[in-house]
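Remarks on the overall topology
Residues per chain are reported as follows:
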Amino acid sequence: SAQIIIEVIQSPTLNVDPLEVCSGTDTIVTASGLPLGGDYLWYTVPQQATSSISFNNLTSSDSIPVSYTNNGCTIFDTLVINVIPPPSVEAGDSLNVCLGDTLVLTASGADVFEWSNGVQNGIPFVANTVGSFLYQVTGTNSVTGCQNTDEVFVSVNSSPTLTLDIDEQTIC
């Protein structure tokens, strides 16, 4: 009688965790397949035969299939990329003020703000130097961690002086 030998090969497994990133992010994603020693293939253009794939300046959500082949068996998974848009940060309109004036810069569109030049969002400060100044604000969405920036120009002018020439005349 004939003898048939059946070899049971372990089916490979493949895992790719979903990716949630802020718009403009650079990142590397690594797929993990078992048993070790198999071949990966990302179905991108062009296709990439590696366990890790890099992305530069992500701006839109996407789904990318990947396969893992080991011992003649192939399994598929999909990388789901969710790109979160940045907050719409607004620094406000440009300002013209006089030396010594008190001004307040108040940004909107995010939860947390960090201004350049030591300015604090919504806190008054005194314009103490004549010139043109650029103030940049970075706004952060505290839930997603995504950031965006905006800027405002402030022109600080010398305080006007008033000179009166009075003739000595008698007025009745």
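Keep in mind that this is a model prediction, so the values were computed, not measured.

**With respect to the overall build of the chain**
A count of helical and extended segments in the chain gives 0 helices and 14 strands. For the chain, the α and β elements follow one another from N to C terminus as β-β-β-β-β-β-β-β-β-β-β-β-β-β. For 172 residues, the compact-globule formula gives about 16 Å, and the C-alpha radius of gyration of the chain, at 31 Å, lies well above that figure. Taken along the three principal axes of its C-alpha coordinates, the chain extends 145 × 30 × 20 Å. Buried positions account for 27% of the 172 residues belonging to the chain. Counting contacts in the chain only where the partners sit at least 6 residues apart, residues at least 24 apart contribute 55% of the total. A total of about 11500 Å² of accessible surface is found on the chain, and carbon and sulfur atoms cover 50% of it.

**A short note on the packing of aromatic side chains**
Here the structure, examined in full by the defined rule, presents 3 aromatic pairs. Pairing Tyr 43 with Phe 76 gives two aromatic rings, centres 6.2 Å apart and planes at 35°, and the pair type is tilted. With Tyr 43 in the loop between strand E5 (39-42) and strand E6 (52-58) and Phe 76 in strand E8 (residues 73-84), this pair connects stretches of sequence that are 33 residues apart. Taking relative accessible area as the criterion, Phe 76 reaches 55% and is therefore assigned exposed. Arranged with centres 5.9 Å apart and planes meeting at 55°, the rings of Phe 125 and Tyr 135 form a pair that is tilted. Pair noted here: Phe 125 is in strand E12 (residues 125-126) and Tyr 135 is in strand E13 (residues 131-140), with a separation of 10 residues, a long-range link. Given a relative accessible area of 10%, Tyr 135 falls into the buried group.

**A word on the sheet that holds strand E2 (residues 19-22)**
If you walk across this open sheet you meet the 4 strands as E2-E8-E7-E5, and the pairing is mixed. On the outer flanks of this sheet lie E2 and E5, each paired with one strand and no other. Across the sheet, the axes of successive neighbouring strands diverge by a mean angle of 25°, strand direction being ignored. As paired strands, E5 and strand E7 (residues 62-70) are joined by 4 bridges and run antiparallel to one another.

**A look at a nonpolar patch on the surface**
A cluster of nonpolar side chains, namely Ile 4, Ile 6 and Val 8, defines an oily patch on the protein surface of about 410 Å² accessible area. Within the secondary structure layout, Val 8 lies in the segment before strand E1 (13-15). Look at Val 8 and you get exposed, because its relative accessible area is 75%.

**What about the side chain of Ser 67?**
Residue placement: Ser 67 occurs in strand E7. Within polar-contact distance, the side chain of Ser 67 engages the side chain of Tyr 43 at 3.2 Å. Discounting residues that sit within four places of it in the chain, Ser 67 has contacts with Leu 14, Asp 39, Tyr 40, Leu 41, Tyr 43, Thr 74, Ile 75 and Phe 76.

**Some thoughts on the sheet that holds strand E11 (residues 112-115)**
Strand order in the open sheet formed by 4 strands is E9-E14-E13-E11, and the pairing between neighbours is mixed. Both edges of this open sheet fall to strand E9 (95-98) and E11, since each of them pairs with a single strand only. Neighbour-to-neighbour, the strand axes of the sheet open up by a mean angle of 30°, direction not taken into account. Of the pairings in the sheet, the one linking E13 to strand E14 (residues 147-157) comprises 10 bridges and is antiparallel in character. The residue of E14 that forms the bridge with Gly 131 is Val 156.

**With respect to the pairing of E7**
As paired elements, E7 and E8 share 9 bridges and run antiparallel to each other. Along E8, the bridge assignment pairs Asp 62 with Ile 81.

The rules behind each value
Residues numbered from 1 in each chain as written. Predicted model: local features only at pLDDT ≥ 70, side-chain atom pairs only at ≥ 80, totals over all residues. Heavy atoms only, no water. Helix = DSSP H or I, 4+ residues; strand = E, 2+ residues; numbered from the N terminus. Rg over C-alpha atoms; globule rule 2.2 N^0.38 Å. Buried < 20%, exposed > 50% of the residue type's maximum accessible area, 1.4 Å probe, protein only. Contact = heavy atoms within 4.5 Å. Areas by Shrake-Rupley, 256 points an atom, 1.4 Å probe, with all protein chains shown as cover. Phe/Tyr/Trp six-rings, centres within 6.5 Å; stacked < 30°, edge-to-face > 60°. Pairing = 2+ DSSP bridges. Axes fitted to C-alpha atoms, helices over the stretch in contact; angles between N-to-C directions. Patch = residues over 30% accessible without salt bridge, like charges linked within 9 Å, V, L, I, M, F, W, Y side chains within 5 Å. Salt bridge = Lys/Arg side-chain N within 4 Å of Asp/Glu carboxyl O. Polar contact = N/O pair within 3.5 Å; in protein donor to acceptor, adjacent residues only side chain to side chain.

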